[in-house]
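Structure at a glance
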Amino acid sequence: MTVAPRALVVSRPTEYDHLLARHGSRSQVEFVLSGRGRSLDELDRSHAHQQEALQMVAAAVPVDWRRASLDRADLDRWLFGPEDVVIAVGQDGLVANVAKYLSGQPVVGVDPEPTRNAGVLVRHRPDRVAAILRRVAAASAPDEPCTGTAELRSLVELATGDGRSLRALNEVYIGHPSHQSARYSLVLDRAAERQSSSGVLVGTATGATSWCRSVHRERRLDWALPETTSTDLAWFVREAWPSPSSGTDLTAGLLVDGAELVIESESDRLVAFGDGIESDRLEIGWGERLRIRRSARSLLLL
């Protein structure tokens, strides 16, 4: 018997939700905001847009589908099934947050506030979700829904020597857990350099619209970042420090055709995490290595 698709609606609490949980009542939230020169009206509007979008998405799910709702904080504990269709309602970053846990499940990014979000990954208005899900339901191949309308986005992957791994849609960051300098050896092809820096950033074509874009623009480099569906990765060393024992020659470039970057720790502790989720991270100690490369998995973005 064929298992019916499951619509998995992913969202995150609004700013109003956070403040209400913290301060206990609406009147107290209003009092706190007034002391900061802010009005509750702005939060109310944003919260209302989110709730309206979630209601429209819920109504768009076909009646014969299964359905579930998931908070961003619970992503690392959720067991995703091959029949899931993920509907991320929120900012672009929410799609990145969920992408690392998927293995081919399609994702629909829904923007509840087009005037506030860039819409790079949340590309659909809530009223378009019903039509998208109808196309998914009509697809003949469950593993290739909406042929012609789906877009594959590369992920970047970190791997340790003992088998641990981590993926990200935008970028991964490797550095010291505090504001101290990270010390390590960077290996690229046959070149190697000992470095002391604020950390290493490796991003995908999707990440070229976020943090990597900021670094690239600041340095005014003469090469272009990967575009949209490219499988290349861009990498940057942040604030490399020149000293008798550390160099600054290998500080930026592209990883193409499956090339990888290797970081060998010369610090007691280095951390690595993806897309800003510091709670889900890898740690390595002195002499341990991290390999950074394009993941074999991709995000299927509808």
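Residues numbered from 1 in each chain as written. Predicted model: local features only at pLDDT ≥ 70, side-chain atom pairs only at ≥ 80, totals over all residues. Heavy atoms only, no water.

Here we come to the overall build of the chain. Helices and strands together make up the secondary structure of the chain, namely six helices and 16 strands. Over its C-alpha atoms the chain spans a radius of gyration of 21 Å, differing by no more than 12% from the 19 Å that the globule rule assigns to 302 residues. By residue count, 47% of the 302 residues in the chain fall in the buried class. Residue pairs at least 24 apart in sequence account for 67% of intrachain contacts in the chain once pairs closer than 6 positions are excluded. Taken together, the 36 basic and 41 acidic charged side chains of the chain have centroids lying 1 Å from each other. (Helix = DSSP H or I, 4+ residues; strand = E, 2+ residues; numbered from the N terminus. Rg over C-alpha atoms; globule rule 2.2 N^0.38 Å. Buried < 20%, exposed > 50% of the residue type's maximum accessible area, 1.4 Å probe, protein only. Contact = heavy atoms within 4.5 Å. Lys, Arg positive; Asp, Glu negative; His and termini not counted. Charge placed at Lys NZ, Arg CZ, Asp CG, Glu CD.)

Let us look at the confidence of the model for the chain. For residues with low pLDDT, the predicted coordinates do not support detailed interpretation. This prediction gives the chain a mean pLDDT of 92; 97% of its residues lie at or above 70. In this model, residues 140-148 is a region of pLDDT below 50 whose contacts with residues beyond four sequence positions or in other chains number twelve contacts. (pLDDT = per-residue confidence, 0-100.)

Time to look at the side chain of S295. Relative to the assigned elements, S295 resides in strand β16 (residues 289-301). Overall, the relative accessible area of 2% leaves S295 in the buried class. Here S295 is in contact with L155, V156, E157 and R167, once residues within four sequence places are set aside.

This part covers the packing of helix α1 (residues 15-23) against helix α3 (residues 40-60). One can describe the packing of α1 onto α3 by two numbers: an axis separation of 8 Å at closest approach and a directional angle of 120°. Regarding the angle of α1 to α3, the classification is oblique. Seen from α1, the contacting residues are E15, Y16, D17 and L19; seen from α3, they are L40, L43, D44 and H47. Grouping the amino acids of the contact of α1 with α3 by side-chain chemistry returns four nonpolar, one polar and three charged. (Axes fitted to C-alpha atoms, helices over the stretch in contact; angles between N-to-C directions. Parallel < 35°, antiparallel > 145°, perpendicular 65-115°, else oblique. Nonpolar A, V, L, I, M, F, W, Y, C, P; charged D, E, K, R; others polar.)

With that out of the way, let us pick up the packing of α1 against helix α2 (residues 26-35). Closest axis-to-axis distance for the α1/α2 pair is 9 Å, and the angle between their directions is 105°. Relative to α2, the element α1 lies roughly perpendicular. Across the interface between the two elements, Y16, L19, L20 and H23 from α1 touch R26, Q28, V29, V32 and L33 from α2.

The next thing to look at is the pattern of salt bridges. Applying the stated criterion across every chain yields a total of 21 salt bridges. Here K100 and D280 are joined by a salt bridge, their closest N and O atoms 3.3 Å apart. Here K100 is found in the loop between α4 (92-99) and β4 (106-110), whereas its partner D280 is found in the loop between β14 (270-274) and β15 (281-284), with 180 residues between them in sequence. For D280, a relative accessible area of 23% corresponds to the partly exposed category. For E283, the salt bridge is made with R281, and the minimal N-O distance between the two is 3.3 Å. The class for E283 is partly exposed, based on a relative accessible area of 31%. One network of salt bridges, in which partners are shared, links E157, R167, E260, R291 and R293. (Salt bridge = Lys/Arg side-chain N within 4 Å of Asp/Glu carboxyl O.)

Now for the sheet that holds strand β12 (residues 252-255). As summarised here, the arrangement of the six strands in space is β12-β11-β10-β7-β14-β15, forming an open sheet in which the pairing is antiparallel. Each edge of the sheet is formed by a strand with only one pairing partner; in this case those strands are β12 and β15. Strand-to-strand twist of the sheet, defined as the mean angle between neighbouring strand axes without regard to direction, takes the value 15°. Sheet topology places strand β7 (residues 171-175) next to β14; four bridges connect them, and they run antiparallel. By the bridge assignment, Y173 is partnered in β14 with F273. Sitting on the sheet, helix α6 (residues 211-219) is in contact with β7, β10 (200-203), β11 (233-237) and β12, with an inclination near 60° to β11. (Pairing = 2+ DSSP bridges.)

This paragraph deals with the packing of aromatic side chains. For the structure on display, the rule yields three aromatic pairs. Ring geometry for W223 and F236: centres 5.9 Å apart, planes at 15°, overall stacked. In this pair, W223 sits in the loop between α6 and β11 while F236 sits in strand β11, placing the two residues 13 residues apart along the sequence. What makes F236 buried here is its relative accessible area of 0%. Among the aromatic residues, ring-to-ring pairing joins Y173, W211 and F273 into one connected group. (Phe/Tyr/Trp six-rings, centres within 6.5 Å; stacked < 30°, edge-to-face > 60°.)

Time to look at the pairing of β10. Of the two faces of β10, the one carrying V200 and V202 and the one carrying L201 and G203 are both buried. The pairing of β10 with β11 spans four bridges and is antiparallel. Counted as the bridge partner of V200 is V237 from β11.

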